[in-house]
Amino acid sequence: MRGRALLGVATMAAMLACLAMLRPLSTDGALFRYAGVAVVACGLLGIVARLARLGTWLVVAVQAAAGLALFGVVVVGQRPGLSPVAAAAGVAVDAGEWIRVSEAPMGPNGAVAVMAAAGLWLLTMAADTLVVGLGRPALIVVPLLVPFAIPALLLETPGGAANFGLLVLGFGAVLLADGWNRTVLLRANGVSSPTQRRSLLV
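Residues numbered from 1 in each chain as written. Predicted model: local features only at pLDDT ≥ 70, side-chain atom pairs only at ≥ 80, totals over all residues. Heavy atoms only, no water.

Q: Explanation requested: helix 3 (residues 56-78) in the structure shown.
A: A turn of α-helix holds 3.6 residues, and therefore any two residues three or four places apart point the same way. Here helix 3 is 23 residues long and its end C-alpha atoms lie 33 Å apart, about the 33 Å a rise of 1.5 Å per residue gives. Looking at helix 3, one finds that the buried residues are V59, V60, Q63, G67, G72 and V75. Packed against the buried residues of helix 3 are helix 2 (29-51), helix 4 (84-101) and helix 5 (110-133). (Helix = DSSP H or I, 4+ residues; strand = E, 2+ residues; numbered from the N terminus. Expected span 1.5 Å × (residues − 1). Buried < 20%, exposed > 50% of the residue type's maximum accessible area, 1.4 Å probe, protein only. Contact = heavy atoms within 4.5 Å.)

Here's what the structure looks like:
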């Protein structure tokens, strides 16, 4: 269980690092604060839920329900008097319009900040499920590629080298945590020969 918690922390760190990939797109500090809170909150929920010995898909359900509840509270706060669905639609439309009329880096906009945080919550949930829930650490590259691809596709000078370095850093952090967990498992089982190691890790 400690090993899964370590993987969860490494996944969170990887997703936080990838936030810097979006810097060329916006100068809004609130956007990065909201997104950072979303990453940490979703990641911590996954860790706590697994420590409570919930199953993989129940953990996903807890993260999804908490994300929806938080998103509903925030959008209703931005659109008082509307239902959560109508408020969410209004925020999404406003965010899309601001992105359409703005040039990178965009200025501050509350709707864009909220939608970015919601997107990072979903990406973190996917990363947490792939890496920790399904035990496929190498698949962390899939959610990491999303914030890497957005500026690469939208900007003429996306800062590719720096963003690629962040992607590699996040990927490496998760693989390092997985390698540490495997080493601890081998030592705990008193495995010494290469053949025994391969049979245990397969």
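Q: Before we go on, may I ask you to explain the pattern of salt bridges in this structure?
A: For side chains of opposite charge, pairing can occur when their charged atoms come near one another. On inspection of all chains with the given rule, the structure shows 4 salt bridges. Between R50 and D128 there is a salt bridge, with the nearest N and O atoms lying 2.8 Å from each other. Of the two residues, R50 is situated in helix 2 and D128 in helix 5; the sequence distance between them amounts to 78 residues. Here the two residues R50 and D128 agree in accessibility, since each one is buried. Here R79 and D94 are joined by a salt bridge, their closest N and O atoms 1.9 Å apart. With R79 in the loop between helix 3 and helix 4 and D94 in helix 4, this pair connects stretches of sequence that are 15 residues apart. (Salt bridge = Lys/Arg side-chain N within 4 Å of Asp/Glu carboxyl O.)

Q: Would you mind showing me how to read the packing of aromatic side chains here?
A: Any two aromatic rings considered together are summarised by their centre-to-centre distance and by the angle between their planes. All told, the structure shown has 1 aromatic pair when counted by the stated rule. Centre to centre, the rings of F148 and F164 are 6.4 Å apart; their planes meet at 65 degrees, and the pair counts as edge-to-face. Residue F148 is found in helix 6 (residues 141-154), and its partner F164 is found in helix 7 (residues 160-188); the two are separated by 16 residues along the sequence. According to the relative accessible area criterion, F148 is partly exposed, its value standing at 21%. The ring centre of F32 lies 3.9 Å from the NZ or CZ of R23, which sits over that ring. (Phe/Tyr/Trp six-rings, centres within 6.5 Å; stacked < 30°, edge-to-face > 60°. Lys NZ or Arg CZ within 6 Å of the ring centre and 35° of its normal.)

Q: Would you take a moment to explain the nonpolar core for this structure?
A: One broad rule of soluble globular proteins: the nonpolar side chains tend to lie buried together. Counting residues in hydrophobic clusters, the biggest one holds 35 residues, and the most contacted among them are M15, L120, I140, L144 and V174. For this core, the elements supplying multiple residues, two or more each, are helix 1 (2-19), helix 2, helix 4, helix 5 and helix 7. A total of 10 residues in this core trace back to one element, the largest contributor, which is helix 5. The residues touching L144, leaving out its near neighbours within four places in the chain, are A14, M15, C18, M21, L167, G170 and F171. (Core = buried A, V, L, I, M, F, W, Y, C linked by side-chain atoms within 4.5 Å.)

Q: Any chance you could explain the side chain of N109 here in plain terms?
A: Mapped onto the fold, N109 is located in the loop between helix 4 and helix 5. Among the residues examined, N109 registers a relative accessible area of 18% and is labelled buried. For N109, the side chain forms a polar contact with the main-chain nitrogen of A111, separated by 3.1 Å. In this structure N109 touches D28 and W98, once residues within four positions along its chain are discounted. (Polar contact = N/O pair within 3.5 Å; in protein donor to acceptor, adjacent residues only side chain to side chain.)

Q: Explain the side chain of D28 here, please?
A: For D28, the position within the fold is in the loop between helix 1 and helix 2. It turns out D28 is buried and unbridged, and the closest side chain with the opposite charge, R33, is 5.7 Å from it. Here N109 takes part through its backbone nitrogen, which lies 3.2 Å from a polar atom of the side chain of D28. When sequence neighbours within four positions are dropped, the list of residues in contact with D28 reads M106, G107, P108, N109 and A113. (Lys, Arg positive; Asp, Glu negative; His and termini not counted.)

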